[in-house]
Amino acid sequence: MIRRRTWAALSGALAVGLGVIGGELAAAALSPSVTPVSAVGSAVIDILPPGVKDWAIAWFGTADKTVFLAAVAVLITVLALAAGILEYRRTFAGRAVVAGFGVIGALAVASRPQSSLVSFVAPVLAALVAILVLGALVRSLRAWDRASEDGAGGLPARRRFLQGASGAAVVAVATGAAATGVRSTQSAVAGQRAAVRLPAPTETGPPPPVGSVIPAGADLGVEGLTSLVTPSDDFYRIDTALVVPVVDPAQWSLKVTGRVDREVEITFDDLLALPLIERHITLACVSNTVGGDLTGTARWLGWPVRELLARAGVQPGADMVLSRSVDGFTAGTPLEALTDSRDSLLAVGMNGEPLPVEHGFPVRLVVPGLYGFVSATKWVSELTVTRFADDRAYWSTRGWSERGPVKTSSRVDVPRPSARVAAGDVVVAGVAWAQHTGVEAVEVRVDGGPWQRATLGTPISADTWCQYRATIPLEAGTHTVQSRAVDRAGGVQSEASVAPAPDGAEGLHTVTFTVT
Ligand SMILES: Nc1nc2c(c(=O)[nH]1)N[C@H]1C(S)=C(S)[C@@H](COP(=O)(O)O)O[C@H]1N2
Ligand SMILES: [Mo]
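Residues numbered from 1 in each chain as written. Chains lettered and ligands numbered in written order. Predicted model: local features only at pLDDT ≥ 70, side-chain atom pairs only at ≥ 80, totals over all residues. Heavy atoms only, no water.

Right, let's get into the site of ligand 1. Around ligand 1, 18 residues are found, and the nearest of them are Tyr236, Thr240, His359, Arg364 and Lys378. The contact in question runs from an oxygen atom of ligand 1 to an N or O atom on the side chain of Arg364, over 2.7 Å. Of the residues assigned to the shell around ligand 1, the class counts are eight nonpolar, five polar and five charged. (Near = heavy atom within 4 Å. Polar contact = N/O pair within 3.5 Å; in protein donor to acceptor, adjacent residues only side chain to side chain. Nonpolar A, V, L, I, M, F, W, Y, C, P; charged D, E, K, R; others polar.)

This is the structure in structure tokens:
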């Protein structure tokens, strides 16, 4: 026999569940970028201490969002069960807790830059639904209580409660299914993306501009070695967005503001009509650990940011551009990285297609030579020309460095850790990067012995990683191999082991394997 208190707890879960589902459905229809649950989650992510966020990224990798959402779901469920019990003990106590949820939801929605007035409908609706259902279920549970005390057995009252509760459960499951359907067909943006026709790059040569094509000899053809261009589906994804921002390209525009002679605003159509260029550029995340995979190379199509800044006219004294995303994320990029000769892009294309939604559709920044957290703003909506002394960006206010040049680095891809390889000439291969400086050479060593030069694949450009390969005769036994990159400015990859925070990991990737 299930105790009354359990029924009360279940009533709480049903009521809150219905409310949450109703709220998410309403939000999906009215303001898909800001739903009550995602708003609360995003607000929590923003106020989480940086250490916790770094820990989450390190432990869950790019699955951290799913893990986080699961934790949020567990927390909401526990609170909902408690609200049911409270309401059963004391009329209105549980409903007051639920109303509190509603207020928190509304505050979280208010904290999201993508919110509009209509975004508040969802948390209000969610709270109202939950309050009404909780009140009704607990009232009927009490009626059942009274009926059993009457000695009447309480059977009709019991039936009424169970009918009410199972009705609520059926509605919850049905609307829940509908809500996931809405989510997965989410959304209009997929259709809008499919409808985009990217223009061909205008500047093509001959000779083809450096970085636009993969030269002969770049790909060393070693099995197991990272491919020169990372397929978009495999490209690492790092951002603070719990729900991918939905940006209609027809509504998108980019404003240039701040220390400029004239403010400039361009639309997506304006951008596509400009002379676009295409370049292979390697992106790296500052959170990448030694040997990690938070780095990738894509062929980006876009318009040079320096052209846009030239239109606006940068005023003297400025030294930073604060780029802002529709979701509130900001990055502070040293001005010169956007105005010097490097191909910093306002990118619309990735590997021959419109940007994938997770990688910033419709428009993002790509800046060669800098870690993503100070430069690669996705879903970008505004550039403010400013000074490091006046403005700070998202991660710089959370303990990470203000400037983020990519550190010269390399990793061993072949052999894999714990691999067993045949004795004789053992192939060691990997990738090395020193964006915008260029890789000069890669050296490898086995068992801490002398460094030996590896063969370097022809670089695509200074802004991309290179493959390297070496063959080393080895006898049976356990061996470790390490690599180090040397860049064209004479910098040598650092050997001391340094953690990613605050400005990028350092150290040698070490792979242990067995020769048989
Ligand atoms: N809007 C937005 N843009 C962002 C971020 C973010 O959190 N939000 N993260 C940055 C970081 S830390 C990195 S490393 C790159 C990663 O780009 P990718 O996900 O396309 O690989 O995006 C950058 N752009
Ligand atoms: Mo990053």
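Here the domain parsing of the protein chain yields domain 1 (2-185), domain 2 (232-398) and domain 3 (409-515). The distance between the C-alpha centroids of domain 1 and domain 3 comes to 51 Å. (Domains from an automatic or database assignment.)

Glancing now at the side chain of Ser401. In this structure, Ser401 sits in the loop between β10 (380-386) and β11 (409-414). Apart from residues lying up to four places away in sequence, Ser401 is in contact with Phe373, Val374, Ser396, Pro502 and Asp503. (Helix = DSSP H or I, 4+ residues; strand = E, 2+ residues; numbered from the N terminus. Contact = heavy atoms within 4.5 Å.)

Let us look at a nonpolar patch on the surface. On the surface, a cluster of nonpolar side chains totalling about 280 Å² of accessible area is made up of Leu30, Val118, Val121 and Leu125. Relative to the elements of secondary structure, Leu30 occurs in helix α1 (residues 4-30). (Patch = residues over 30% accessible without salt bridge, like charges linked within 9 Å, V, L, I, M, F, W, Y side chains within 5 Å. Areas by Shrake-Rupley, 256 points an atom, 1.4 Å probe, with all protein chains shown as cover. Salt bridge = Lys/Arg side-chain N within 4 Å of Asp/Glu carboxyl O.)

This paragraph deals with the packing of helix α4 (residues 64-89) against helix α5 (residues 93-111). Where α4 contacts α5, the axes come no closer than 6 Å and their chain directions differ by 145 degrees. Residues Leu79, Ala80, Ala83, Leu86 and Glu87 of α4 form the contact with α5, whose participating residues are Ala93, Gly94, Arg95, Val97, Val98 and Phe101. Residues belonging to the contact of α4 with α5 are distributed by class as follows: eight nonpolar, one polar and two charged. (Axes fitted to C-alpha atoms, helices over the stretch in contact; angles between N-to-C directions.)

Taken as a whole and assessed by the stated rule, the structure comprises 21 salt bridges. Measuring nitrogen to oxygen at the nearest pair gives 3.0 Å for the salt bridge that ties Glu203 to Arg279. One end of the pair, Glu203, is in the loop between α8 (188-195) and β1 (253-258); the other, Arg279, is in strand β3 (residues 277-284), and 76 residues separate them in sequence. Residue Glu203 is classed as partly exposed on the basis of its relative accessible area of 36%. Its salt-bridge partner being Glu495, residue Arg484 comes within 3.3 Å of it at the nearest N-O pair. In this pair, Arg484 sits in strand β18 (residues 477-487) while Glu495 sits in the loop between β18 and β19 (510-515), placing the two residues 11 residues apart along the sequence. Take Arg484: its relative accessible area is 17%, and that puts it in the buried class. Under the relative-accessibility criterion, Glu495 is labelled partly exposed at 42%. (Buried < 20%, exposed > 50% of the residue type's maximum accessible area, 1.4 Å probe, protein only.)

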